[in-house]
Amino acid sequence: MSELYVRVSVLQLVATGALVLLNFALSAALGLGLSRSLAVASTRMVVQLLLVGLVLEWLFQMENPLFVIGVGFVMSVVAGRAAVSRSKRRFAGAYWDGFVSVFGASVLVTGVVVGGILRVEPWYAPQYVIPMLGMVLGNTLNGISLALDRLTEELQSQAARVEALLALGALRWEAAKAPVRAALRTGMTPIINAMTVMGLVSLPGMMTGQILAGRTPDDAVRYQIVIAFMIVAATALGTLAMVLLAYRRLMSPDHRLRLDRLQ
């Protein structure tokens, strides 16, 4: 396979950015009111990615485990906050629970794959750890956010049923089991759907990036399969952790539904 890499210039970046004008035109024509949000999102994306590019270039040159761990920690803090911020309803301690869930699941899965399965040397090699952790974090936070939103919605909409079960002597887990299951299904569904059509409908980012960088399709596919399994495992662990932590806060040890803690 011939090595072919096309470098994207600043002018080409600006040209592709013009494609976003289509969204502005659609929003204006239909009165969607998305122009401001789209402009802010586009600007933030460009600035954040350019800054990340500079940081990663410096990080790859340093190859210091402390810097790699520090960057991973910051990424996890931001991901945990983003996961909870997307939810319509929150409770005291939700941001901490979100960080614990996304950090624990993502770091555990990434560590097992990078250090135990791929056996990257050194284990803190930033060109492996940071991109893989980033992809896992991004998908895990989506699952956590959806699950948390569904759990609080289910508990609120089924409050009468849950409280009736508790009044009849059911334990808090027995009363909240249905909402917990619904939340876990909601958090896991997007990644399962994505895996179902992966390769037939969509060519994922990891695979596409490696192909564009000149890797053979066989190598790119293998890495994409690894990433997909990492994402589904971390999403399952993170979603389960967040739902259980939220359940413990909203269903008190004395078997009472505490919707008063929701904000």
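Preceding this paragraph is the structure being described.
Bear in mind that the values here come from a model prediction, so they are computed numbers and not experimental data.

Student: Tell me what's going on with the overall build of the chain, and back it up with residues and numbers.
Tutor: Looking only at helices and strands, the chain has 10 helices and zero strands in total. Principal-axis analysis of the C-alpha atoms gives the chain an extent of 70 × 55 × 35 Å. Taking all 263 residues of the chain together, 33% fall into the buried category. A sequence separation of at least 24 residues applies to 73% of the contacts in the chain between residues at least 6 apart. Here the chain displays about 15,500 Å² of accessible surface, and carbon together with sulfur accounts for 66% of that area. Separation between the mean location of the 22 positive side-chain charges and that of the 14 negative ones in the chain comes to 7 Å.

Student: Please set out the pattern of salt bridges residue by residue, giving values where relevant.
Tutor: This structure, assessed with the given rule, holds five salt bridges. The closest approach of N and O atoms between Arg-150 and Glu-154, which form a salt bridge, is 2.9 Å. In this pair, Arg-150 and Glu-154 both sit in helix 6 (residues 126-157), four residues apart, roughly one turn of the helix. Residue classification places Arg-150 among the partly exposed positions, given a relative accessible area of 29%. Taking relative accessible area as the criterion, Glu-154 reaches 11% and is therefore assigned buried. Residues Asp-218 and Arg-222 are paired through a salt bridge, measuring 3.4 Å at the closest nitrogen-oxygen approach. Remark: Arg-222 and Asp-218 occur in helix 10 (residues 217-250); sequence separation between them is four residues, near one turn of the helix.

Student: Give me the lowdown on the nonpolar core, citing residues and values where you can.
Tutor: One finds Phe-91, Leu-151, Leu-155, Val-162, Met-251 and Leu-257 to be the most contacted residues of the largest nonpolar core, which totals 29 residues. Listed by contribution, the elements that provide at least two residues to this core are helix 4 (65-85), helix 5 (94-117), helix 6, helix 7 (159-167), helix 8 (172-197) and helix 10. Among the elements that make up this core, the one with the highest residue count is helix 6 (eight residues). Val-162 has contacts with Leu-155, Ala-175, Met-251 and Leu-257, leaving out every residue within four places of it along the chain. Judged by nonpolar contacts, the second largest core, of 18 residues, contains Ile-130, Val-136, Ile-191 and Ala-234.

Student: Could you give me a rundown of the packing of helix 6 against helix 8, with the residues and numbers involved?
Tutor: At their nearest, the axes of helix 6 and helix 8 sit 8 Å apart, and the two run at 150° to each other. Considering the angle they form, helix 6 stands roughly antiparallel to helix 8. Remark: the crossing between helix 6 and helix 8 carries right-handed chirality. Contacts between helix 6 and helix 8 involve Gly-143, Leu-146, Ala-147, Arg-150, Leu-151, Glu-154 and Leu-155 from the first element and Ala-176, Pro-179, Val-180, Ala-182, Ala-183, Thr-186, Gly-187 and Pro-190 from the second. Of the residues contributing to the contact of helix 6 with helix 8, the split by class is 10 nonpolar, three polar and two charged.

Student: Summarise a nonpolar patch on the surface; cite the residues concerned and give the values.
Tutor: A surface patch of nonpolar side chains, about 420 Å² in accessible area, is lined by Leu-108, Val-112, Ile-117, Leu-118 and Leu-237. Sort the elements by how many residues they give to the nonpolar patch and helix 5 lands first, with three residues. Within the secondary structure, Leu-118 is located in the loop between helix 5 and helix 6.

Rules and cut-offs
Residues numbered from 1 in each chain as written. Predicted model: local features only at pLDDT ≥ 70, side-chain atom pairs only at ≥ 80, totals over all residues. Heavy atoms only, no water. Helix = DSSP H or I, 4+ residues; strand = E, 2+ residues; numbered from the N terminus. Buried < 20%, exposed > 50% of the residue type's maximum accessible area, 1.4 Å probe, protein only. Contact = heavy atoms within 4.5 Å. Areas by Shrake-Rupley, 256 points an atom, 1.4 Å probe, with all protein chains shown as cover. Lys, Arg positive; Asp, Glu negative; His and termini not counted. Charge placed at Lys NZ, Arg CZ, Asp CG, Glu CD. Salt bridge = Lys/Arg side-chain N within 4 Å of Asp/Glu carboxyl O. Core = buried A, V, L, I, M, F, W, Y, C linked by side-chain atoms within 4.5 Å. Axes fitted to C-alpha atoms, helices over the stretch in contact; angles between N-to-C directions. Parallel < 35°, antiparallel > 145°, perpendicular 65-115°, else oblique. Left-handed = near helix turned anticlockwise from the far one by under 90°. Nonpolar A, V, L, I, M, F, W, Y, C, P; charged D, E, K, R; others polar. Patch = residues over 30% accessible without salt bridge, like charges linked within 9 Å, V, L, I, M, F, W, Y side chains within 5 Å.

Remember that the coordinates give geometry; whether it matters functionally is a separate question.
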